[in-house]
Every structure is written in structure tokens, then in C-alpha cells.
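Architecture and fold: a report
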Amino acid sequence: MSGAAGSTAIKRRAAAPQAFVLIFAMLMPVAGIVSLAPNLPQFLTHFAGIPHHEFLVPMILTIPALCNALCSPFAGLLADRVGRRRMLVTALLLPSRSLAHGSHAERIGAQTRLIEAAPADAQRYLDRAAVHLDRADWAAAIADLDRAAEFDPDLATRHYLRGVLLWKRGSSDEAERVLNRFLAAEPESSAGFALRARARADLGRPLEAAQDFSRAIAYQPVAGPDLYLERAQILSEAGDRYLERALRGLEDGIAEIGPLPALALAAVEIEVRIGRFKDAAQRLDAATRSFAVRAPWLIRMGEILEAAGRPVAAREAYQSGIDEIALLPAHRRQLPGLAALRLRALERIARIEGR
Amino acid sequence: MSGRIVPVMAIPIVKGPAFRQSGIGSLHLLLQVGVLAAVALLPALAIGDPVLERSPYLMAGTPNSVVVRWRTDIASESVVRYGATPQSLTNTVMEAGPTTEHEVEIAGLSPNATYFYSVGTSTLALAGGDADHFFKTSPPAGTRQPIRIWVIGDSGQCAVDSTGCSDANAVKNWYLDFVGQNLADLWLLLGDNAYPSGTDIQFTDGFFNVYPEVMRNTMLYPTLGNHELGSSNSVTQTGPYYASYTMPTMGEAGGVASGTEAYYSFDYGNVHFISIDSATQGINLSVGGPMYNWLELDLMANDSDFTIVYWHHPPYTKGSHDSDNPNEESLFEMRERFNPLIESWGVDLQLTGHSHSYERSVLIDGHYGLSSECGAGECFVDGGDGDPNSDGAYQKATLGAAAHEGTVYAVVGSSSKNSGALTQHPVMSHWLNYEGSMVVDVDGSVLDAYFIDKDGDVEDQFRIEKPLPEPVVILQLVAGGAGLAFLDKRRMRKNRRPSCAR
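Since the model is a prediction, treat every value here as computed from it, not as a measurement. (Residues numbered from 1 in each chain as written. Chains lettered and ligands numbered in written order. Predicted model: local features only at pLDDT ≥ 70, side-chain atom pairs only at ≥ 80, totals over all residues. Heavy atoms only, no water.)

**As for the packing of aromatic side chains**
Residue and element names in this part refer to chain B. Where we set the bar: Ring pairs are drawn from Phe, Tyr and Trp, using the six-membered ring of Trp, whenever the two centres fall within 6.5 Å, and their geometry is named by plane angle: stacked under 30 degrees, edge-to-face over 60, tilted for the rest. By definition, any uninterrupted DSSP run of H or I lasting at least four residues is a helix, any uninterrupted run of E lasting at least two residues is a strand, and each is numbered from the N terminus. Buried residues are those whose accessible area, probed at 1.4 Å on protein chains only, stays under 20% of the maximum for their type, while exposed residues exceed 50% and partly exposed ones sit between those limits. The rule for a charge over a ring is simple: NZ of Lys or CZ of Arg within 6 Å of the ring centre, and within 35 degrees of the ring normal.
Inspection of every chain in the model, using the stated rule, returns 30 aromatic pairs over all chains. Relative to Y211, the ring of W150 lies with its centre 5.9 Å away and its plane at 70°, an arrangement referred to as edge-to-face. With W150 in strand β7 (residues 147–152) and Y211 in the loop between α4 (200–208) and α5 (212–215), the pair connects residues that are 61 residues apart, well separated along the chain. One exposure class covers both W150 and Y211, and it is buried. Among the aromatic residues, those joined into a ring-pair cluster are Y57, W150, Y175, W187, F203, F207, F208, Y211, Y241, Y242 and Y245. For the cation-ring pair, R335 lies above F332, with the distance from its terminal atom to the ring centre recorded as 4.7 Å. Note that K466 overlies the ring of F306, its terminal NZ or CZ placed 4.4 Å from the centroid.

Quick look at the structure:
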């Protein structure tokens, strides 16, 4: 083929090194695609919940190969126009930019560089807004959220982030409004409902807040105790007529997670407010049986018995608590929490005895 | 284009349009067809034996159980074999359901015992079965014996760049050099272990691929950092952070059941550990909130000789974050709300990350405001450096949790990088912008801590010393009779590790 390529062919002939480079370079995109293949089963498992995933997931192999085939002529044209070396070097450098982590300024700088590389990508403004939010730089965060909205008005996450920002800043009414928009787009977001619940609680609308907490719990795969406790607290603060509902919510939590002391002790306090002292005492005893230090609970039992109109039994419980504290080592007795409890029990006994 | 295939060796180096006239076009076309055909066939060929994607790691240890986890590329059954020696893995625990996230609890173990193990399927061992794969069950709560803890913070830079990766590995290697054969029993992660946003692949690259030789032996206890929050959510307990770890949430390892992996506690020997979620998104940090109330219950029930609390955001720092900056809300909130609580219930050591530096306080108490409020040492219980070879150890009057006897606060946030302009916070005894990690040794009534940098130098050392336990009278049954033995000062210290292995 010597010289058959015409006048543009240079005189130097290719040899083994050039052949190796050529074949190696041509194999790289092939290897890039092939290396995805062993991960296919894992991708299939990961996206199992997505409709048509059996068809869509293998496309990660097919589409790059198709792109390779379809784009090659255009890459050739581009190479002819700008030069092969320039195109290859540019292509190599483009993906090498990484997001460094460092101080706040460094993080902002890194995000800013990403934005400069793709100034119309709304997600990148959201990412930078999250960094500003982390440092409570409200004005900068709002500016980035606004920019994100310009480029993608439908991006629901921006409403959530704005909700976080507004709620943290104390503007619960505005937070609620943007969270309404977020939840309209993401109607099963547990985090969204939990945040709106807190905003509504701040606005003095406990029933709606409790309803949001219930949704937040319902949309959680694994519920933790915090949302159950916050819901119960809001309902019990809403008035006595909601105490039964608060209690049922805590029992749901106990059934779901297990007999956590935090849930059980919250239930005890609600039983006391309802006036079911016997039930409260039973719950307290069950919840604290495993505690090595029983004094705080013995004293609380005394308070429940006193409220139930049983001063003799109450005095006995107070005294048991005091005696147990006396048996503790000196450094434990002097812990402020336990010392205050002992003092409280002594005052109650004095009151019962009319001193 | 002629259409004939030209021998590769004969292809001239061409420029511009001549390229299209050469035979290379035919060759390229042939390769493209080959690629498409190979791609079409590959999914069918991809199924085979599972391959480890995350090496085995150990979590949620108790005196009688441990959770072994690992990840494979394809779903398979989960089998752990274990026994007293690597050659006698005679016990098997199996989870039949195919999964890629393997999580096997081994129960019915003896306390304070070493077991060798392997992980894999019923027909294939993927890792272990050798002298390098073993775990040690916890001693019963209250047991006084040497305990070693490794502490790293903000270690996830390996997911971002090669420099961070090199530094993280150097920190790990010098830790291994420091401890020699006496590996840590426990490993505390202070958050930000997967940069920049805690995705699954960042956890693999930034954490699991960096420490395989540590996590196969040492029980792992994480706390959530702000970068993990990029992909995980504490409200829903979902995302890569929660999917990767198993924490003791029901009091199974001691402490009061929290019911959530966002915050939890456990006992190991005579030390009580508490992990708190300071990362704010979703967790209510208010006084009287669920986490605060749980912490108070947990501290009230705690009667360990030492108490160590760890969370991500430092209450005192002048590194890449500034605890005097009102915009650093989490730092303020934790200092103002949680520090009074932990000090009133006698916490000895508080560990954090977040600032990419090492900062370690003197023994302090009651400092909940700006740094200027302790500018002249008003909050110092002991303003010395705590180094037994220098100013002397911090002496505390009580063995156990006693209120307001002083707490040491340490920021260990440089386990894969350092950054920011570090200055001295007035409470700090040592401050250093250099990569490293901390080793804590607890032995009876003495706690020793060392900061080992990425060059292997011990940059800081301090000791908290408490009174020795009251002599315990033990009825000692011996062949042919019985006798009384006293555990005294000398015997309590006999098994102490050397203060510095290097």
C-alpha cells in the first residue's frame, strides 16, 4: 500500500510499535464496555424495583457499543478538523477533574469549578447550595437554589433544600409552602413529610403535624423511634382529647421496633395524664426492670402512686429510691442527676408526712 | 474504500482525509461488528462464582455474638465457618437466601474468646480460613483487662484522589506498625469516611477497599458525618451509610436500647462507648428531644470505669472549621446542649472529626461558650499536657463516672488529609495540621492515648489516671485447699501493654 494513500501520506512506514498502539487504543473502548459485563447481575439486583429493568439494565452494554459505532465517523471528522493529538489529549483531560474535599472554601471552589464546566446543569447549583447550607450561608444557598430553578424548574429536590433552609432559619410558614411543592412531586418522601411536620408543629398546627409524622413513618422502610416520639409529644401538647391517639402511636412504635425504654417511658407519662395510674405503674415497672440503677424509676413510681391517691405506697417507693441511691458508691450518689432525684424524693416524703 | 482487509503492518501513518481512503476503515468496521456481537453475548457469559467486592468486616460485637458482613458481585448464599483454629472451622452459620450484601450473626460464642473464620458459600470459601481472619468476642461488661481502640476520622479521601489514598494508607500502615501483634479490639470511625458525598461506590473506594486487613479482625463502630449525609438519611435510616453497617441498637452489647442506628451505645470491658448523630439533617438535636433524652437515660444507667463519647462535629476547633463561627450551627449546638450533659454524667473522653487536623484539649469542664470565655484557662481542670513523661497524667479522683472531674476533647479529623489554617483554640494542648490517627489503650484505671502521624511519629501522648479499684477478695480454689487472693495495684497493672510499642 505504499504511497497509495496519496499525497497526504507521510513517507515513514508503520511498524510493530505503531501497530501495538493502534490495536491497544482500539481495544480500550471495547475493554471499557466489556468490563461492565460482570457487574450486570448486581445492577439488575440494584434496580429490581424499576419497571422494565430487565430490558433497561443490559442497555449499559449495548448503548455504549452503539454510540461507539455511530459516533466513530464524527470523531474522525473532528480529528481531521482539529487534529488527532489535540482531540485525544482534550478527551483524556476532561474526565480527570475530580471533586476535591477540603475546607469550606475549597469545597465551594470545587463545586464552582464544576458549575463553570456545565453552567446550565441545575443539579450542580443544588450541590453547591447544600455546601452553603452546611455552613448556614443562607444568602448564598438561596442564590444557588434560584439558579437551579432557572435551569430546571421541575427539579423537586430544590424545594426540599429550600424547605430545610427556611425551617432552619425560622421561617416555618415559607418552609411549609415550598415543602408542599416538594411533596406534590415526591408524594412518598419520608424526609419531606418529617420536615413539614416540624414546620407545622412550629406553626401551632399539631394535628396536621402529627398527620405528617404518620406519613413519614409509613413511608419508612425501617422506622426509628424519633418520629414516634415527636408525634406523641405533639399530640399530647395539643390537648387531653388527643392523648389516646398519642398513646396508640407509641404502642405502634413499640410493636414495630420493640420495647424501647424511650417509647415505654413516654407512654407512662401519657397514661399518667389520662389518669390511668395503675397502667402507668405497670408500664413503668416493665420498662425499667432491666435497669441496673432503679432509683430514678422507684422515685417516679412514688410520684405516680401519690397522684393516684396512695400516699402510703408512694412514701414506700420514695424511700426505696432513696435507699437504693444510698447504696451506690459515693461518686454515683453525687452525680447531679441522682442527687437531684434524692432531694426530690425527700421533699415528697416530707410533704406526705405533712412536714 | 476498497473493502479488502489490509494487513495491519502495512497501514501507513496518514493524515486527514487520506485516513478514509485507507484499509483501516474496513478493519475498524470489522472490530465494531465484533464488539456488538461480543456485547450481545456477554450477559449470558457473566454468571459464575461470586467474587468479593467488600472483604469481610465485623460489627455489633457482644460477649456472645458477632455480625460478619461482606459483599459479593452476584447474589449467593451466605456461609460463615468458624472455629478455635484456622484448621478446624467446624461450626457453620448459613443464610440460604441469595444476596450480594451478606450479613450473618454468629451467636452462642464464649466471651473474650478468639475465633478463626471464613466466609463464602456452601461450596466456596471467598476469604478466610487462615491465620489472618479471626475475631475476638467482647469481654463481659465491667471486666478490667487491656483494651485497645483505633480511632480515625475524615478518612474517606481515597474515594477522591490518589494523594488522599496514599495518605490514608500511610496512616493505616503506621498504625499497624505501632500496634504490632496487639491489634485494636475496637475501631471507632468519626464520620466522613466516604468523600465527597457518601455514595455506595465512595464507601467501597474510600473505606472498604482501604482497610481490608484491619476490618477482618477489628470490630467496627461508626458515627455519621456530614458527607455521608449526601447520600444517606437518618430519618429514614436509608442510604449507603445505613446499608453498609450494623450497629447494636437494642442494648444487646450493653447500654440502653436506642432503637436506631443513628445513635447507639455499647460496653466493652470496663469502658462504655456512645455514638451520637451530630449531623443534624433529620435528627432532632434539641434538649429534651429523643436523642438527648436517650443519652441521659444511657448515661444514668452507665457505671463503667471509663466513658468515651464520639460524634462528628467538634465542639472546640480552630482548624478547617471554627467553633466560634456562628454559621457552624452543629458545632454550637453540640457544645451548648450536649457537652453540659456528658460532663455532668462523667464522660472522660470525647472524640470528633470534621476539622481536618488533630486538636487535643487539656482536661476541661464547663466551657460551653466561645473560645474567649476560656481564654485564660477558666475552664481548665488540669492545664498540663497530660503526658506522663512531661507534665504528668491527668488525675481524676474517681474510678467510674463522676460529674465534672474533667473531660478531654480530641479532634481526629486528619486520617486521610489535612486542610485549613489551623490555629490554637485556647483549650487545646496539642494542635497539628498533619495526617494521622489515634490509638487509645485502656487498662484497669489508666487510659493512654497516642496520636500517630503518617510518618509513624507519635506526635502526642496523654494519660487519664483514676484511682485503683478497691482490693477485691477472691476465693481462690486450688488443688488441695482454698485460699484468699487480693487483686492489688501490682496485679492490676501486670498486663499493661508497654506505653509505646515503637
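Resuming the write-up.
**Some details on a negative patch on the surface**
The criterion, for reference: Patches were defined on residues exceeding 30% relative accessible area and lacking a salt bridge, with like-charge contacts within 9 Å and nonpolar side-chain contacts (Val, Leu, Ile, Met, Phe, Trp, Tyr) within 5 Å. Each accessible area value is a Shrake-Rupley result obtained with a 1.4 Å probe; residue values ignore everything except the protein chains displayed when judging cover. Within this document, salt bridges are pairs made up of a side-chain nitrogen of Lys or Arg and a carboxyl oxygen of Asp or Glu, the two lying within 4 Å of each other. Residues scored as charged are limited to Lys and Arg (positive) and Asp and Glu (negative), so that His and the chain ends carry no count. Where a charge lies is defined by one atom per residue type: Lys uses NZ, Arg uses CZ, Asp uses CG and Glu uses CD.
A cluster of acidic side chains, namely B:E95, B:E103, B:E105 and B:E252, defines a negative patch on the protein surface. Within the secondary structure layout, B:E105 lies in strand β3 (residues 91–106).

**Comments concerning the packing of helix α6 (residues 104–117) of chain A against helix α7 (residues 122–134) of chain A**
A pair of packed helices is characterised by two quantities: the angle between their axes and the separation of those axes. Residue and element names in this part refer to chain A. Stated precisely, the cut-off is as follows: Orientation is described by axes fitted as lines to C-alpha atoms, over the contacting stretch for helices, and by angles from 0 to 180 degrees between their N-to-C directions. Orientation categories follow fixed angle ranges, with anything under 35 degrees roughly parallel, anything over 145 roughly antiparallel, 65 to 115 roughly perpendicular, and all other angles oblique. By definition, any crossing whose near helix is turned counterclockwise from its far helix by less than a right angle is left-handed, and any crossing with a clockwise turn is right-handed. The contact rule is simple, with two residues in contact once any of their heavy atoms fall within 4.5 Å. The residue classification treats Ala, Val, Leu, Ile, Met, Phe, Trp, Tyr, Cys and Pro as nonpolar and Asp, Glu, Lys and Arg as charged. All others, Gly included, are polar.
Across the interface, α6 lies against α7 with an axial gap of 9 Å and an inter-helix angle of 165°. Here α7 runs roughly antiparallel to α6, going by the angle between their axes. Considering only the axes of α6 and α7, their crossing is left-handed. Contact with α6, carried on its side by H104, R107, I108, Q111, T112, L114, I115 and A117, involves R124, Y125, D127, R128, V131, H132 and D134 of α7 and no other residues of that element. Partitioning the contact of α6 with α7 into residue classes produces six nonpolar, four polar and five charged.

**Some remarks on the state of the cysteines**
All names here are of chain B. We apply this condition: In what follows, a disulfide is any cysteine sulfur pair within 2.5 Å.
Enumeration according to the criterion identifies two disulfides over all chains in this entry. Each sulfur of the disulfide joining C158 and C165 lies 1.7 Å from the other. A relative accessible area of 12% means that C158 is categorised as buried. Using a relative accessible area of 21% as the deciding quantity, one classes C165 as partly exposed.

**What to know about the side chain of B:T352**
Residues and elements named next belong to chain B. Relative to the assigned elements, T352 resides in strand β13 (residues 349–352). Exposure remark for T352: the relative accessible area of 1% places this residue in the buried category. If sequence neighbours within four positions are ignored, T352 has contacts with L190, W311, H312, H313, P314, P315, A410, V411, V412 and G413.

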